[in-house]
Structures are given as structure tokens and as C-alpha cells.
Amino acid sequence: VSKSNHFKDLQFYYFHNCVYEKLYTDPRCKRGEWVDTDYVLRKYGSDYRLILVGDASMAPSELTLRGGNTIIGLYNEVPGLEWLGTLKNHYSKSVWLNPVSEAVWERTYGTVSIELVRTVFPMFELSVDGIEAAIKKLLAGR
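Overview of the structure. Since the model is a prediction, treat every value here as computed from it, not as a measurement.

Basis of the calculations
- Residues numbered from 1 in each chain as written.
- Predicted model: local features only at pLDDT ≥ 70, side-chain atom pairs only at ≥ 80, totals over all residues.
- Heavy atoms only, no water.
- Salt bridge = Lys/Arg side-chain N within 4 Å of Asp/Glu carboxyl O.
- Helix = DSSP H or I, 4+ residues; strand = E, 2+ residues; numbered from the N terminus.
- Buried < 20%, exposed > 50% of the residue type's maximum accessible area, 1.4 Å probe, protein only.
- Expected span 1.5 Å × (residues − 1).
- Contact = heavy atoms within 4.5 Å.
- 1 Å grid on protein atoms, 1.4 Å probe; cavity = no way out; pocket = protein on both sides within 12 Å on 5 of 7 lines; lining within 4 Å.
- Points joined across faces, edges and corners; volume = space filled by probe spheres on them.
- Nonpolar A, V, L, I, M, F, W, Y, C, P; charged D, E, K, R; others polar.

**Quick word on the pattern of salt bridges**
And step 1. Within the structure shown, the criterion is met by 5 salt bridges.
And step 2. Between Arg118 and Glu115 there is a salt bridge; the shortest N-O distance is 3.1 Å. Here the residue Arg118 and the residue Glu115 both occupy positions in helix α4 (residues 111-118), the gap between them amounting to 3 residues, near one helical turn.
And step 3. You can call Arg118 partly exposed: its relative accessible area is 33%.
And step 4. Judged by relative accessible area, Glu115 falls into the partly exposed class, the value being 32%.

Here is the structure:
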């Protein structure tokens, strides 16, 4: 994707399970290699399109509770679901790509959290067909 010329500006940030106060700048999600999520929201305007990629399979508390972040020493004041809502409100053209087959979303580990994430973002399977549907959604808007 980074070598593609289809995007005017392409930025990558990483997270473990859910977005909280920090977004990692390295895919290894190493402590201290991050920026504030608020910084990203200020830096990249609402005209950007947001694509989140992850299996959304986590403990529901990671989405619903303050302190639900499972990374030791990183206490989240704002529940993950609220952070996801903030992202959705800022980047109205947004989707979630899930590498887990859509056929098992309703019966796999993380079913509850997958459904919670789907209340915020349109979710598509990370497959050729899913990516095509997600791109159509991004181009169409909300």
C-alpha cells in the first residue's frame, strides 16, 4: 500500500486491540514509540479517510471501561468505544477491515467486541471483495 500512487497522503499508526490515548508509530507497538491520538486528530483533518485494520477480538472491557487497556502501565481514562466514536465523528469516511472471515464473526472469540465495534464503524472482511466494498463505502461517504 505504501508504494501505491493511489493515495494523495498515506499515514500509518498502530494500536493493540483498540485505540486509546496513544497511537504507536511502529508496528511492534513498543512502549514510548507513540503519538497522542489527539495530535493525530488535530494534524489530519476530517477530509482524510480512516481505515482501521484489526480482528476486533478483545475483551469487551477493553471497549467499555476506563482502565480497559490491557497494556501494563497504560491506563486509559476514556473507554475504547468512546475513542472509536471520536475517530468516527472526526473522520466520517471510515471503515474497519477485519482479517477474520465474516462467516464466523457471530461465533468466534470476540463476538461481543466485534459487534460493539460494528456499532461504530462499517466492518468489512479483509479480503479482495471486502476491500472493494470498503473502498466503495469510503468513496460514497457516511
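**A few points about helix α5 (residues 128-140)**
And step 1. Here α5 spans 18 Å end to end across 13 residues, near enough to the 18 Å set by a 1.5 Å rise per residue.
And step 2. Looking at the buried side of α5, the elements it contacts are β3 (50-53), β4 (94-98) and β5 (123-125).

**Things to note about the layout of surface pockets**
And step 1. What the largest pocket holds in volume is close to 1300 Å³.
And step 2. Lining the largest pocket are 32 residues, with Leu10, Gln11, Arg49, Leu50 and Ile51 positioned closest to its centre.
And step 3. Elements represented by at least two residues in the lining of the largest pocket include exactly β3 and α5.
And step 4. The dominant element in the lining of the largest pocket, judged by the number of residues it contributes, is α5, at 5 residues.
And step 5. Tallied by class, residues from the lining of the largest pocket come to 26 nonpolar, 2 polar and 4 charged.
And step 6. Here the second largest pocket is characterised by a volume of approximately 160 Å³.
And step 7. For the lining of the second largest pocket, the residue count by class is 7 nonpolar, 3 polar and 2 charged.

**Considering unusual backbone geometry**
And step 1. For Asn17, which is not glycine, the phi dihedral falls at a positive 70 degrees.
And step 2. One can find Asn17 in the segment before β1 (22-24).
And step 3. Positive phi, close to 50 degrees, is recorded for Cys29, a residue that is not glycine.
And step 4. Relative to the elements of secondary structure, Cys29 occurs in the loop between β1 and β2 (34-36).
And step 5. Take Cys29: its relative accessible area is 23%, and that puts it in the partly exposed class.

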